[in-house]
Amino acid sequence: MNAIVALCHFCELHGPRTLFCTEVLHAPLPQGAGNEDSPGQGEQAEEEEGGIQMSSRMRAHSPAEGASVESSSPGPKKSDMCEGCRSLAAGHPGYISHDKETSIKYVSHQHPSHPQLFSIVRQACVRSLSCEVCPGREGPIFFGDEQHGFVFSHTFFIKDSLARGFQRWYSVITIMMDRIYLINSWPFLLGKVRGIIDELQGKALKVFEAEQFGCPQRAQRMNTAFTPFLHQRNGNAARSLTSLTSDDNLWACLHTSFAWLLKACGSRLTEKLLEGAPTEDTLVQMEKLADLEEESETWDNSEAEEEEKAPVLPEGAEGRELTQGPAESSCLSGCGSWQPRKLPVFKSLRHMRQVLGAPSFRMLAWHVLMGNQVIWKSRDLDLVQSAFEVLRTMLPVGCVRIIPYSSQYEEAYRCNFLGLSPHVQIPPHVLSSEFAVIVEVHAAARSTLHPVGCEDDQSLSKYEFVVTSGSPVAADRVGPTILNKIEAALTNQNLSVDVVDQCLVCLKEEWMNKVKVLFKFTKVDSRPKEDTQKLLSILGASEEDNVKLLKFWMTGLSKTYKSHLMSTVRSPTASESRS
């Protein structure tokens, strides 16, 4: 997290002062932050806590404290500081922690070394201990602006037997430029900062009680009540925080706490890609999965009941119903209940178009999009299943009803994808129907029947494909808009197969949104035909093929969406708004 955490103090002599701050360094250490230890100081043992490696090998001289760089330091001069304003002693190298996971360094010292950061921290310190305070002068508050950053500040008191009112005023501030992130981190920061403050106050309270027990200050001050106040406080005007808490390792502990706070606060919130509401395909798949689970439970219960009581139906009829029920439901589910047993024979829509040829593929795709029955006759079950897996990608999930392979013809109301063995007889009315297309797979006389440049493998070189229909699609027919866009994507060799798949997803979502609008307009609102024609013109779907496509795709809407629309219309608030 790109932020600075600082501990501030209101000195009775010098006003608001920054005592200790921890900042995040993503780049190489600033000037003076060398790897060599300060003169006369050996390398300290390193510690590891929560994935952060800590050491005090920071700088040979602190800009705020070192005499050699005092003139160029952005901090206050040494003569303007008392014991209460100073945290680290002169020449102290400061503290630095290395995060091994992210290669980030957490650096702690009294003041930021960069002049601009010093100015930002200084201004936040003054505001947190002067005008931006809570009622009672103790508690959290938020303030800031785009220019100087946004600040989370928590002010508190530390007991001091020698201070005016027996307490001194401090604050812990967190500064960053991202207002939204800081506001979202408010609960986390409040809890953790409150824990740091409680620990400081607890240590100071023990020291205060011990000093009061040994030498009570209240009675002594009452005896010198008429002594001028300035004379009173000049004796012990400044006491360091380490003296108030009797903790010589206070600043090392604060560095560890502040470094952990910055790391934890930066990792607790992550950006995620929001995909919005679930698509119609997702809703339909969830509904079909729930139906399959419910059907499975019902099937298990019915078998258990049969063992306890005699059958009501004739024995043959009941047996036939029991054996065919699950198989038919799994074939009609169309939601991935069957899968090819081998590698796909047809690799993609582009591959199928190359194998069948552009005219035959356009006829087949037109019937698929219109909802007509697609019949494949072949001895190769894997070939039929592979073809259906590819063709179904052009339709919404709710519009797909597949019987992968059957020994008899099934009516169109039961399935729009039907696989048959070659010896199965198709009724004459289906052969001449304009609402069906038949793909017959024959053994090829030679292996050069496919178009040049086809991406087929050896499994397709032995087949010849014949596509017929009672109502062939004329070459000059415009066709549905989505079909023309699909063919444009398939013929564009600059688009990879994955890109074409994503284009197909976008096209389906675009037309499913049009289906939703048309469904609400016609089925829910019951608008007249004239208004419907105007709506279709607005949607760019006034052509005959586009209207047929929208009506067929309307059957693929999820029950969840339909019930939501109907419940919204029937609600009292909706009725009032419509009236």
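Residues numbered from 1 in each chain as written. Predicted model: local features only at pLDDT ≥ 70, side-chain atom pairs only at ≥ 80, totals over all residues. Heavy atoms only, no water.

- Under an unreviewed UniProt entry, the name given to the protein is Folliculin, and the source organism is Callithrix jacchus.

### Digging into the overall build of the protein
Stage number 1. Looking only at helices and strands, one finds 19 helices and 14 strands in the protein.
Stage number 2. Within the protein, the fraction of its 579 residues that count as buried is 46%.
Stage number 3. For the protein, restricting intrachain contacts to residue pairs at least 6 apart in sequence, the fraction spanning at least 24 positions comes to 70%.
Stage number 4. As presented, the protein carries roughly 30400 Å² of accessible surface, and 54% of it is formed by carbon and sulfur atoms. (Helix = DSSP H or I, 4+ residues; strand = E, 2+ residues; numbered from the N terminus. Buried < 20%, exposed > 50% of the residue type's maximum accessible area, 1.4 Å probe, protein only. Contact = heavy atoms within 4.5 Å. Areas by Shrake-Rupley, 256 points an atom, 1.4 Å probe, with all protein chains shown as cover.)

### Overview of the nonpolar core
Stage number 1. Grouped together as the largest cluster of nonpolar side chains are 62 residues, with contacts concentrated most on F346, M352, W376, F465 and W553.
Stage number 2. Counting residues per element, this core draws most heavily on helix α15 (residues 497-524), at 10 residues.
Stage number 3. Residues in contact with M352, not counting those within four places in the same chain, are F346, G357, F361, L364, W376, A387, V390 and L391. (Core = buried A, V, L, I, M, F, W, Y, C linked by side-chain atoms within 4.5 Å.)

### Regarding the sheet that holds strand β14 (residues 463-469)
Stage number 1. Reading across the sheet, the five strands line up as β11-β12-β10-β13-β14 and stay open at both edges, with mixed pairing between neighbours. With partners counted over all chains shown, the strands left at the sheet margins are β11 (402-406) and β14, one partner each. The average undirected angle you get between the axes of adjacent strands in this sheet is 15°. (Pairing = 2+ DSSP bridges. Axes fitted to C-alpha atoms, helices over the stretch in contact; angles between N-to-C directions.)

### Side note on the side chain of S97
Stage number 1. With respect to the helices and strands, the residue S97 is situated in strand β5 (residues 95-99).
Stage number 2. S97 gets classed as buried once you look at its relative accessible area, which sits at 2%.
Stage number 3. A polar contact is formed between the side chain of S97 and the side chain of H255, at a distance of 2.6 Å. (Polar contact = N/O pair within 3.5 Å; in protein donor to acceptor, adjacent residues only side chain to side chain.)

### Let's talk about the pattern of salt bridges
In a structure, side chains of opposite charge can pair up when their charged atoms sit close to one another.
Stage number 1. A full pass over the atoms with the stated rule returns 18 salt bridges.
Stage number 2. Between K263 and E101 there is a salt bridge, with its nearest N and O atoms 3.4 Å apart. Here the residue K263 occupies a position in helix α7 (residues 250-268), and E101 occupies one in the loop between β5 and β6 (104-109), the gap between them amounting to 162 residues.
Stage number 3. Assessed through its relative accessible area of 61%, E101 is described here as exposed.
Stage number 4. The partner of R239 in a salt bridge is E211, and the shortest N-O contact between them spans 2.7 Å. Note that R239 is positioned in the loop between α5 (229-233) and α6 (241-245) and E211 in helix α3 (residues 186-214), a separation of 28 residues in sequence.
Stage number 5. Residue classification places E211 among the partly exposed positions, given a relative accessible area of 26%. (Salt bridge = Lys/Arg side-chain N within 4 Å of Asp/Glu carboxyl O.)

### Details of a negative patch on the surface
Stage number 1. There is a patch of like negative charges on the surface, built from E293, E294, E295 and E297.
Stage number 2. Relative to the helices and strands, E295 is located in helix α8 (residues 280-308). (Patch = residues over 30% accessible without salt bridge, like charges linked within 9 Å, V, L, I, M, F, W, Y side chains within 5 Å. Lys, Arg positive; Asp, Glu negative; His and termini not counted. Charge placed at Lys NZ, Arg CZ, Asp CG, Glu CD.)

### Quick word on empty space enclosed by the protein
Stage number 1. All told, the structure shown has five cavities of 30 Å³ or more when counted by the stated rule.
Stage number 2. In this structure, the second largest cavity spans a volume of roughly 70 Å³.
Stage number 3. Around the second largest cavity sit I196, E199, L200, K203, L250, C253, L254 and S257, which together line it.
Stage number 4. Every element with two or more residues in the lining of the second largest cavity is listed here: α3 and α7.
Stage number 5. Classifying every residue of the lining of the second largest cavity by side-chain character gives five nonpolar, one polar and two charged. (1 Å grid on protein atoms, 1.4 Å probe; cavity = no way out; pocket = protein on both sides within 12 Å on 5 of 7 lines; lining within 4 Å. Points joined across faces, edges and corners; volume = space filled by probe spheres on them. Nonpolar A, V, L, I, M, F, W, Y, C, P; charged D, E, K, R; others polar.)

### A closer look at the pairing of β5
Stage number 1. Within β5, four of the five residues are buried, which leaves the element mostly enclosed by the surrounding structure.
Stage number 2. Examined bridge by bridge, β5 and β6 share five bridges and lie antiparallel to one another. Its bridge partner lying in β6, I96 is registered against V107.
Stage number 3. Between β5 and β6, which pair antiparallel and follow one another directly, the connecting turn spans four residues, one of which, S103, has a positive phi of 60°.

### A word on the pairing of strand β2 (residues 15-25)
Stage number 1. Burial analysis of β2 places 11 of its 11 residues in the buried class, the great majority of the element.
Stage number 2. Relative to β2, strand β1 (residues 4-11) runs antiparallel, the two being bridged by eight bridges. Bridge pairing in β2 places A6 opposite C21.
Stage number 3. Here β1 folds back onto β2, and the loop between the two strands holds three residues.
Stage number 4. The pairing of β2 with β6 spans five bridges and is classified as antiparallel. Across the sheet, the residue bridging to V24 is Y106, located in β6.

### Things to note about the packing of aromatic side chains
Stage number 1. For the coordinates displayed, the defined rule picks out 16 aromatic pairs.
Stage number 2. Ring centres 6.1 Å apart and planes at 5° place the aromatic pair F142 and F150 in the stacked group.
Stage number 3. With centroids separated by 5.9 Å and ring planes inclined at 55°, the aromatic side chains of F346 and F465 adopt a geometry described as tilted. You can see F346 sitting in the loop between α9 (315-333) and α10 (349-356) and its partner F465 sitting in strand β14, a full 119 residues away along the chain. Judged on exposure class, the residue F346 and its partner F465 are both buried. (Phe/Tyr/Trp six-rings, centres within 6.5 Å; stacked < 30°, edge-to-face > 60°.)

### A closer look at helix α17 (residues 544-553)
Stage number 1. Here α17 lies mainly inside the structure; seven of its 10 residues are buried.
Stage number 2. Within α17, burial applies to D545, N546, V547, L549, L550, F552 and W553.
Stage number 3. Tucked into the core, α17 has its buried residues touching α11 (358-370), α14 (481-491), α15 and α16 (529-539).

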